[in-house]
Every structure is written in structure tokens, then in C-alpha cells.
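What follows is the residue order along each chain.
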Amino acid sequence: MLRRPLGNTGTTVSAIGLGCMGMSEFYGPGNDEQSLETLAAAVDQGIDFLDTADMYGLGRNEELLGRFLKGRRERIVLATKFGIVRNPDDPAARRIDNSPQYVRQACDASLRRLGIETIDLYYAHRRDPSVPIEDAVGAMSELVRAGKVRYLGLSEVAPETLRRAHGVHPITAIQTEYSLWSRDPERQMLATCRELGVTFVAYSPLGRAFLTGAVGSDESFAPGDFRRTNPRFQGDALRTNLRLVQGLAEFAAKRGATSAQIALAWLLSKHPNVVPIPGTKRPRYAVENAAAAQIELDSGEIAALDELFDPSAVAGDRYAPAGMANLESA
Ligand SMILES: NC(=O)c1ccc[n+]([C@@H]2O[C@H](COP(=O)([O-])OP(=O)(O)OC[C@H]3O[C@@H](n4cnc5c(N)ncnc54)[C@H](OP(=O)(O)O)[C@@H]3O)[C@@H](O)[C@H]2O)c1
């Protein structure tokens, strides 16, 4: 497995990580035993960068990772996140909290659920506009000094926020949606990360399964599936976007690869500091996705994919309005 630097830390991670969110929520029902097999299959392929968050499955995803980490802790770079606060009685409702008091409390709760002493990479999941970023990162840096966290990250923030945060404590990684159909980070964030030596972790790199070709025009997602309310998966937008996926499938067939593998290879070939974290709860997809690290695209192929997925050709926002309101512009 190809490896990439983790920020300026001197350590590296597998160039393809594993997103664990869907194992516990958001993309239909999960199965913990199968998810544990998926985690083991990913590690067998050389993947050692695992991504979770305290809000996935209201803590159940961290608990699942805790089960997996037993006996393997030292071989894994474990990333988790805090800051999106949910109400167990009303899981759809959420607020953002980056206050120093909440940061400390959330970290202790994550450590408990994960059953570990130190989180390798701890992200603020969303920016809380009521707390200056300097205060939030200041509180996060105290966790580093206390030995509860190794490295710090931020998710879905603007380049200017990254610069301010980096002035308080080195930021090791930015995690933001980036894929063929979500290209906002190309405007400024990728260049800012490269300049500062920050790893760019690309979430939803398979477009929440859309880019793999697994989603059809008459798709009816299970109750509670996030994609039921995502604008890109609705009606006319879905039909428009499916034309792009058809082009990707044809490109992949010519290269003797799957669409998922080309979507991941495009991310890796495009920027040297990008690490995609495709999500899956199936061992065979974990194996297929890991193999994408062996595919190199030349500049002509990258340009062809860039053009096929020109941002003006993609229909629909990345989130419904309430979710869009919590994103800073990349
Ligand atoms: N920071 C943030 O705000 C944020 C937001 C969203 C996600 N994330 C992180 O990023 C990770 C990845 O993103 P994601 O899970 O949202 O989306 P994704 O990786 O783009 O897509 C995941 C979906 O693709 C399917 N899939 C995976 N590999 C496949 C393959 N080879 N062929 C066909 N289908 C395949 C999965 O199916 P199965 O589930 O059936 O295997 C799942 O439905 C998450 O797990 C989470 O850790 C972070």
C-alpha cells in the first residue's frame, strides 16, 4: 500500500484510509460482525488510517472501533471528531459546539468509548461560529499537552480559518468532502494545505456510493438513509448526475478498473497530499478500494475526468440547507 505523510508529523498513513461512518448509520442498516470483518480486510490490505466520529450512530461507531482496536492499537492511526452535538431523543436535531469546556468533555467520552488512552488525530467536526477558532484550537492543544490527543484536525473550514488555527497549534489534517462531483477544495484549500504541510483527507470520495454506479434512477433508499434528503440524489438532479456516472463507467472499463477505483485513483493522482477515506461495511469493497492505490492516471486521463465532471455539470447541493449552513467555503 502506497503511503502518504500525515501533515508535518514525520509519520505516514496508508494513501487510502477507511471511513467507518456507514457501519453504524446513514447508509442503510449495518451489521457489526460484518463491519469487523471489513475492518480486518482493510488492515490486511495495508490500510491503517481509520476514520470515525463521536456522532456516528450516537457513539456506537466509536464503540465498534474500540472492539476492533483491542490487540491492534499500535498498528492503527485512529481519527475521530467532536463538535456536532445530537440529542438521542431526536437524532435528526443537531447543534455545533466548539467551546473549550465541551471539547474536554467530548474527548474524554470518545476515549472511553474507543477504549484507548490517546486519539491519534482529533478533528473539530464543524466550526462553531460563536467560538473564536483560536479558543477552540487552544482547548484542543491542551488535550495534546495532556497526552489525550496526538495531532489536531479541522473539518469543512475555510482556508482563512485553517491559517488562524495553524497559528495557535500545528494543524495536521483538514477533512472536507472532495471527489469528482465535489470539487470546491480545488479553489483554494488544496493549495493552502500544500503550502502549510497539512494532509487533505477527502471524505465521501465515492460520492456516497453515487460515483461507483451502484445508485440507479429509481433508487429508493432505506428509511433514515441520509441520501433520501440529499439534493444530489433527488429527481432531476439525480438524472442529470447519472449521465456523468455513465461516462465514468465507460472510462473505467477502458482502464480495466471499477468506477470506484478510478474515482479514488483520480484523487490520489491529482494532489500529493490527498488521502481519500472511502467508506464501506463490506470486505470486498474494502479490498477493491485499497487496490485503487496501484492505479496511476496520466495528465491526459486526469484532464478528461476533470472535464467530464466539470462542476457546472453537477446538479444539486452537497447537503440540504440546514447542513449547508454549517459549512465554511473551501
Ligand atoms: N467530516 C465529515 O463531515 C464527514 C462527512 C461524511 C463522511 N465522513 C467520513 O468519510 C467517510 C467516507 O465517506 P462516506 O462513507 O460518506 O462516502 P463514500 O466513501 O463516498 O461512499 C460510501 C458508500 O459507497 C459504497 N461503496 C464503497 N465502496 C464501494 C465499491 N467499491 N463499490 C460500490 N459501492 C461502494 C458504500 O457501500 P456499503 O456501505 O454498502 O459498503 C457506501 O454506501 C465516512 O465513512 C466518514 O468516516 C466525514
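As the structure is a computational prediction, the values presented were derived from the model and not from experiment.

Calculation criteria
Residues numbered from 1 in each chain as written. Predicted model: local features only at pLDDT ≥ 70, side-chain atom pairs only at ≥ 80, totals over all residues. Heavy atoms only, no water. Pairing = 2+ DSSP bridges. Helix = DSSP H or I, 4+ residues; strand = E, 2+ residues; numbered from the N terminus. Buried < 20%, exposed > 50% of the residue type's maximum accessible area, 1.4 Å probe, protein only. Contact = heavy atoms within 4.5 Å. Phe/Tyr/Trp six-rings, centres within 6.5 Å; stacked < 30°, edge-to-face > 60°. Lys NZ or Arg CZ within 6 Å of the ring centre and 35° of its normal. Salt bridge = Lys/Arg side-chain N within 4 Å of Asp/Glu carboxyl O.

Peer 1: I would appreciate a short explanation of the pairing of strand β7 (residues 90–96) in the present structure.
Peer 2: Note on strand geometry: in a regular strand, side chains alternate between the two faces of the sheet. Bridge count for strand β6 (residues 84–87) against β7 is 4 bridges, and the pairing is antiparallel. Bridge pairing links Asn 87 to Asp 90 in β7. The hairpin formed by β6 and β7 contains 2 residues between the paired strands.

Peer 1: Is there a simple way to think about helix α2 (residues 60–69) in this case?
Peer 2: Helical geometry: 3.6 residues make up each α-helical turn, so side chains three or four residues apart lie on a common side. Of all 10 residues in α2, 7 are buried, a share of seventy percent or more. Here α2 has its buried residues at Asn 61, Glu 62, Leu 64, Leu 65, Gly 66, Phe 68 and Leu 69. Residues of α2 that are buried in the fold lie against α1 (32–44), β4 (49–51), β5 (77–82) and α3 (100–114). Just past α2, the residue Gly 71 takes up positive phi, approximately 85°.

Peer 1: What should I look at first to understand the packing of aromatic side chains in this one?
Peer 2: Between two aromatic rings, the relevant description is the distance of the centres plus the angle of the planes. One pass over the structure, following the stated rule, counts 9 aromatic pairs. Each ring, one from Trp 181 and one from Phe 233, has its centre 5.6 Å from the other, and the planes form 90°; the classification is edge-to-face. Placement of Trp 181 in the loop between β10 (171–177) and α6 (189–196) and of Phe 233 in the loop between β11 (199–203) and α7 (235–255) is noted, with a sequence separation of 52 residues between them. A relative accessible area of 5% means that Phe 233 is categorised as buried. Over the face of the ring belonging to Trp 181 we find Arg 232, whose NZ or CZ atom lies 4.7 Å from the ring centre.

Peer 1: Please clarify how the side chain of Ser 35 should be interpreted in this entry.
Peer 2: Positionally, Ser 35 belongs in helix α1. When near neighbours in sequence (up to four residues on either side) are disregarded, Ser 35 contacts Met 23, Leu 64 and Lys 281.

Peer 1: What is the right way to look at the pattern of salt bridges in this model?
Peer 2: Once the charged atoms of two side chains with opposite charge are near each other, the side chains can pair. What the rule picks out here adds up to 24 salt bridges. The residue Glu 156 makes a salt bridge to Arg 318 at a minimum N-O spacing of 2.8 Å. You can see Glu 156 sitting in the loop between β9 (149–155) and α5 (159–168) and its partner Arg 318 sitting in the loop between α10 (299–308) and α11 (321–324), a full 162 residues away along the chain. Members of the salt-bridge network, linked through shared partners, are Glu 156, Glu 177, Arg 208 and Arg 318.

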